[in-house]
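Letter by letter, the chains look like this.
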Amino acid sequence: MTRYFFLLLIFWANNAGSQTDAKTLNYFLPEIQYNPSIPTPEQYLGYQIGDWHVTHDQLTGYFKVLDAASDRIEIGEYARSHENRPLFIAMISSPNNLKNKENIKKQHADLAHAETSSDVNIKTLPAILWQGYTIHGNEPSGNNGAMMVAYYLAAGQSKEVEAILEHTFILMDPCLNPDGAQRFSTWVNSHKSKTLVSDPSSREFSETWPGGRYNHYWFDMNRDWLLLVNPESKGRIKLMHEWHPNVLTDHHEMGTNSTFFFQPGIPSSNNPNTPAENFALTEAIGKYHAKALDSVGSLYYTKFSFDDFYYGKGSTYPDAIGAMGILFEQASSRGHLQESINGPVSFAFTIRNQVVTSLSTQRAVMALREQILKYKQGFHKAVKDKVSKETIKGYIFTDIDKIKLNNFLDILLQHHVDVYSLDQTMSVNGHTFLKDLSYIVPLDQSQPILAKTIFEEVKQFQDSSFYDVSGWTMSHGYGLLSAPLNTVSVNKDKKIRTLPTLQGKIFGSTKDVYAYIIPTGQQTLYKAIYDLQSKGIKVRINQADMDIPINKINQKIAKGSAIISLQNQVQNAENLYLEMQKISDQNQLIIYAVSTGNSTELITIGHPLVNVIEKPAIAFITGNGVSPQSAGEIWHHLDLNLNIPATMIENTRMRNANLQRYNTLILPSGSYSNWSDTEANKLKDWVHQGNTLIVIDNAISWVSDKKLVSLITRKFDKPSYSSKNYENTDREADANVIGGSILSVDIDMTHPLYFGIDRSKMYVMKNNNRFYDPTYNKYATPANYSPSFLASGYLPQGIDTTIRGAANVTIHQSGNGRIICFHTDPLFRGYWKSGQSVFNNALFFGNTIDKRTMEAEE
């Protein structure tokens, strides 16, 4: 205890004593000689690091200067953000290593494969250290500190620096989220006073919504390493699989009243697929961090708060490929100087801790180089041997939608997962997987952990506390038909090395065309519909199956297909054909040209069950209380997947908004506590006019409270745990929470919301304990949780009866309009393709839902 208070006094002295004093270089870096020909960050910026927050252009400019001035550093761009900012890697090592970088890269590639790893001489091979900073844009001590670390390596003149450069090849990623970092730096710099204000109530520390944490589309970039939705992640993973780093550091910030965290994390929350030696080496590296932080008197902790479970984070993804991911969390100043329970936290202080642990990582990797390389050398063989002893040997998957299949194959290839085309039709668990339209991923392959984690269902856990989701099976998110295999046999000639080429095509005679039909079950169907509508072309939807001859062969046209008849269109037959050909080519769509409106079924193209689709005019709510991630998923999907220009309405302007411009309004998940009966009545009046209100997840609570919909919440009686020890409070509280689990739902495939879905069971991501009874009108709940609902993830004890049979989607009548409630997020993190299809149906087909099938108003 005495030592703790001694360190606390040092902490206050180091912080408070230099709140406003100008910092020297030696505050951040060791007191050694530096090459005077290489400019310091202060010389380049005109101010010392920590006095202001660097903008991304300043950061990029300084690294270009270092590249030009030093023979120890080379920079290369690997991606562009959504806002077209460069993401780049700085390769930092000795001049000789930089000249020899291609050979070093090749040796590490050989080290990363079981067949060649034993041939690599690790005695003299430099270890590759990837140091990444500020993936959350409002955690700026990382990218600001990166400039100091880069200067130290480029200009430092000491035996230690030379040794690090000789034995380590550093890949520095100084800013993993340029758009968020730019947004945050603009905010705090524009609110900085010359006389620093440390009051936590100051506007400087209260970013405007959505804050700088997220990227352009408000995605949390530190959940995207596995999902690869965003260009920043795609470029980074491509580079990572080129270089095969041994250690990756991920520098973050946390609450101002915290101290400093470094991994290893919670021992009981490690992913069981990661070898135990990984954690032992991480702990050995941690001793270097402790020593370094001791030397500057900084408080710290480890093995608490953070886990190593979800492979989609920056500090955990490397664990799956034979590297060690190491998380750092620094108490944030969230500005330039802020009071905390530990004393004032200055921006410069937060930067120094990141610099200190960056340098301690370099020392550790240099000192433990051979152990680290030896771990990598044996990693792939050890993992393959472990997997070979498991019952499941691989996975098989397919889908009716070739476009979606290609998207999924692209993810596998980006992760360097081996995948093979099925060379003979087979049946698994009662499902037929067709030759050349199905694929097998064996676990005996170059990336066994990644292959396993993309498909596996996990239902048993050592711990009940999770920092993020406990289930993330990507094949379920994509809505694929997949199954585990106990035996695997693949044709090596059928290995997928490049994506299959998909081409749009119009089938049928283009002479005497009566109508064009775009069959449902194609991912880009909705984008094509909106494109056609934007050109004034009328599009219809069939609400019942049809059977129409194409080239004299009857073709089943499943409900939910788009039908474009030639009658009463703004374009003549020739121009319409050219338009349909363009739509087919651009969207890789199969289109039928039919010469008759008749059908062997009861339904013809002119039947009342073939309705004209109203062109969506969409707005969605943003602002305080709304989940930025939910709103961002909506924006990203509408903008990039559907090419629909949607209006963002700030929730504080709802009272004055002209809703008559829209026929569809979306409430993203979030709290709408700042809305009163005025907003509720305005929404109700608007829906009554025949419009569609789509409500996502937590927003349902508000529409229910305001009596816009009638729903009954199901009760969950939390279990009482036998332990009454105070120290178990957090863990027992966590044990009662669904933090992110995949559940199955049974759907009504005949309902317009589920047109294009070819199986009666779907999967959803559930991340809260809120469940509702099905509606009184049985047709108004087209999706209920299955009797055996758990697909993957952790669930609290005793919650089964609460979930089983509960509603997952409900539709409510409101005058001439409708309110569609999604009880889970259908667009979860941008990769939930099956949910996207249902969401699209709500946008385009919502107004075709029969009023009789909706839950009646109170």
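What comes next concerns the included structure. Computed from a predicted structure; not experimentally measured. (Residues numbered from 1 in each chain as written. Predicted model: local features only at pLDDT ≥ 70, side-chain atom pairs only at ≥ 80, totals over all residues. Heavy atoms only, no water.)

**What about the overall build of the chain?**
Consideration 1: Along the chain, the regular secondary structure elements total 24 helices and 34 strands.
Consideration 2: Its C-alpha atoms give the chain a radius of gyration of 29 Å, within 12% of the compact-globule value 29 Å for 858 residues.
Consideration 3: Expressed as lengths along the three principal axes of its C-alpha atoms, the size of the chain is roughly 85 × 65 × 60 Å.
Consideration 4: Residue burial in the chain is summarised as follows: out of 858 residues, 60% are buried. (Helix = DSSP H or I, 4+ residues; strand = E, 2+ residues; numbered from the N terminus. Rg over C-alpha atoms; globule rule 2.2 N^0.38 Å. Buried < 20%, exposed > 50% of the residue type's maximum accessible area, 1.4 Å probe, protein only.)

**A look at the packing of aromatic side chains**
To describe a pair of aromatic rings, one takes the distance between the centres and the angle between the planes.
Consideration 1: Scanning the entire structure with this criterion turns up 43 aromatic pairs.
Consideration 2: Lying across the ring of Tyr27, Lys23 places its NZ or CZ 5.3 Å from the centre.
Consideration 3: It is Lys192 that lies over the ring of Trp52; its NZ or CZ is 3.9 Å from the centre. (Phe/Tyr/Trp six-rings, centres within 6.5 Å; stacked < 30°, edge-to-face > 60°. Lys NZ or Arg CZ within 6 Å of the ring centre and 35° of its normal.)

**Comments concerning the sheet that holds strand 3 (residues 86-92)**
Consideration 1: Taken in spatial order, the seven strands of this open sheet run 2-3-6-4-7-9-8, and their pairing is mixed. The open sheet has two edge strands with one neighbour each: strand 2 (73-80) and strand 8 (260-262). Strand-to-strand twist of the sheet, defined as the mean angle between neighbouring strand axes without regard to direction, takes the value 20°.
Consideration 2: The pairing of strand 4 (residues 127-133) with strand 7 (residues 247-254) spans five bridges and is parallel. Across the sheet, Gln131 pairs through a bridge with Thr249, a residue of strand 7.
Consideration 3: Sheet strands touched by helix 4 (residues 56-69): strand 2, strand 3 and strand 6 (168-173). Its angle to strand 2, the strand with the most contacts, is close to 145°. (Pairing = 2+ DSSP bridges. Axes fitted to C-alpha atoms, helices over the stretch in contact; angles between N-to-C directions. Contact = heavy atoms within 4.5 Å.)

**A look at the nonpolar core**
Consideration 1: Judged by nonpolar contacts, the single largest core of 227 residues is most densely connected at Met172, Phe397 and Leu667.
Consideration 2: No other element matches helix 7 (residues 141-155), which puts ten residues into this core.
Consideration 3: Once you skip the residues sitting within four places of it in the chain, Leu667 turns out to touch Ile621, Tyr672, Trp675, Leu683, Leu693, Ile694, Val695, Ile696, Ala699, Trp702 and Val703.
Consideration 4: In this structure, Ala515, Ile517, Met546 and Ile548 belong to the second largest nonpolar core, which totals 13 residues. (Core = buried A, V, L, I, M, F, W, Y, C linked by side-chain atoms within 4.5 Å.)

**Quick notes on helix 10 (residues 231-243)**
Consideration 1: For helix 10, with 13 residues, the first-to-last C-alpha span of 19 Å sits near the 18 Å given by 1.5 Å per residue.
Consideration 2: For helix 10, the complete set of buried residues consists of Glu232, Ser233, Gly235, Arg236, Ile237, Leu239, Met240, His241 and Trp243.
Consideration 3: Looking at the residues trailing helix 10, positive phi occurs at His244, about 55°. (Expected span 1.5 Å × (residues − 1).)

**Examining the sheet that holds strand 13 (residues 420-421)**
Consideration 1: Ordered by their spatial adjacency, four strands build an open sheet running 13-16-12-17, and the pairing between neighbours is antiparallel. At either margin of the open sheet sits one strand with a lone partner, and together these are strand 13 and strand 17 (481-485).
Consideration 2: Summarising the sheet, strand 12 (residues 394-398) and strand 16 (residues 438-442) pair through five bridges and their orientation is antiparallel. Of the residues in strand 16, the one forming a bridge with Gly394 is Pro442.
Consideration 3: Sitting on the sheet, helix 14 (residues 402-414) is in contact with strand 12 and strand 16, with an inclination near 150° to strand 12.

**Regarding the pairing of strand 24 (residues 590-594)**
Consecutive side chains of a regular strand alternate in pointing toward one face of the sheet and then the other.
Consideration 1: In terms of burial, strand 24 is largely enclosed, as four of its five residues are buried.
Consideration 2: As paired elements, strand 18 (residues 505-507) and strand 24 share three bridges and run parallel to each other. Each residue of the ladder has a partner; that of Phe507, found in strand 24, is Tyr592.
Consideration 3: Where strand 19 (residues 515-518) lies against strand 24, three bridges are found, and the strand directions are antiparallel. Its bridge partner lying in strand 24, Ile517 is registered against Tyr592.

**Remarks on helix 15 (residues 448-455)**
Consideration 1: Among the eight residues in helix 15, eight count as buried, and that is most of the element.
Consideration 2: Among the residues of helix 15, those classed as buried are Pro448, Ile449, Leu450, Ala451, Lys452, Thr453, Ile454 and Phe455.
Consideration 3: Next to the buried residues of helix 15 lie helix 10, helix 13 (369-388), strand 12, helix 14, strand 16 and helix 16 (474-477).

**Looking at the pattern of salt bridges**
Consideration 1: One pass over the full model with this rule turns up 38 salt bridges.
Consideration 2: The salt bridge involving Glu83 is made with Arg85; its shortest N-O contact spans 2.4 Å.
Consideration 3: Judged by its relative accessible area of 32%, Glu83 is partly exposed.
Consideration 4: Note that Arg369 is salt-bridged to Glu370, the shortest N-O span being 3.9 Å.
Consideration 5: Look at Arg369 and you get buried, because its relative accessible area is 8%.
Consideration 6: Owing to a relative accessible area of 34%, Glu370 belongs among the partly exposed residues under this scheme. (Salt bridge = Lys/Arg side-chain N within 4 Å of Asp/Glu carboxyl O.)

**Notes on the pairing of strand 9 (residues 324-331)**
Consideration 1: Counted residue by residue, strand 9 has eight buried out of eight residues, so it is predominantly covered.
Consideration 2: Judged by which residues are buried, strand 9 turns out to be covered on both faces: Met324, Ile326, Phe328 and Gln330 on one side and Gly325, Leu327, Glu329 and Ala331 on the other are all buried.
Consideration 3: Note: strand 7 against strand 9, eight bridges, orientation parallel. Each bridged residue has a counterpart across the sheet, and for Val247 the counterpart in strand 9 is Met324.

**Considerations on the side chain of Lys376**
Consideration 1: When you line up the elements, Lys376 lands in helix 13.
Consideration 2: With sequence-adjacent residues up to four places away left out, Lys376 is seen in contact with Leu111, Ala112, His244, Pro245, Asn246, Ile321 and Gly322.

**Let's talk about the side chain of Thr524**
Consideration 1: Its place among the elements puts Thr524 in the loop between strand 19 and helix 17 (525-534).
Consideration 2: For Thr524, a relative accessible area of 15% puts it in the buried group.
Consideration 3: At 2.7 Å, the side chain of Thr524 and the backbone oxygen of Asn587 are in polar contact.
Consideration 4: With near-sequence residues (within four places) excluded, Thr524 lies in contact with Ile403, Asn587 and Leu589. (Polar contact = N/O pair within 3.5 Å; in protein donor to acceptor, adjacent residues only side chain to side chain.)

**As for the packing of helix 7 against helix 12 (residues 347-367)**
Consideration 1: Between helix 7 and helix 12, whose axes approach to 8 Å, the crossing angle comes to 50°. By the angle between their axes, helix 7 is oblique relative to helix 12. For the pair helix 7 and helix 12, the crossing hand works out as right-handed. On helix 12, the residues touching Ser141, Gly142, Asn144, Gly145, Met148, Val149, Tyr152 and Leu153 of helix 7 are Phe347, Thr350, Ile351, Gln354, Val355, Ser358, Leu359 and Gln362. (Parallel < 35°, antiparallel > 145°, perpendicular 65-115°, else oblique. Left-handed = near helix turned anticlockwise from the far one by under 90°.)

**Re unusual backbone geometry**
Note: most peptide bonds trans; most residues except glycine with negative phi.
Consideration 1: Each neighbour pair has its own omega, and for Trp209 with Pro210 the value is 5°, a cis peptide bond.
Consideration 2: Structurally, Pro210 can be placed in the loop between helix 9 (178-190) and helix 10.
Consideration 3: Following Gln263, the chain continues to Pro264 via a peptide bond in cis, the omega torsion being 25°.
Consideration 4: Mapped onto the fold, Pro264 is located in the loop between strand 8 and helix 11 (276-296).
Consideration 5: Positive phi, normally seen in glycine, also occurs at Thr134, with a value near 55°.
Consideration 6: For Thr134, a relative accessible area of 0% corresponds to the buried category.

**Here we look at the environment of Ser509**
Consideration 1: Here Ser509 shows up in the loop between strand 18 and strand 19.
Consideration 2: Counting along the chain gives 85 residues from Ser509 to Val594, while the straight-line C-alpha distance between them is 7.2 Å.
Consideration 3: With residues up to four places along the chain from it excluded, the contact list for Ser509 reads Asn551 and Ala593.
Consideration 4: Here Lys511 takes part through its backbone nitrogen, which lies 3.2 Å from a polar atom of the side chain of Ser509.

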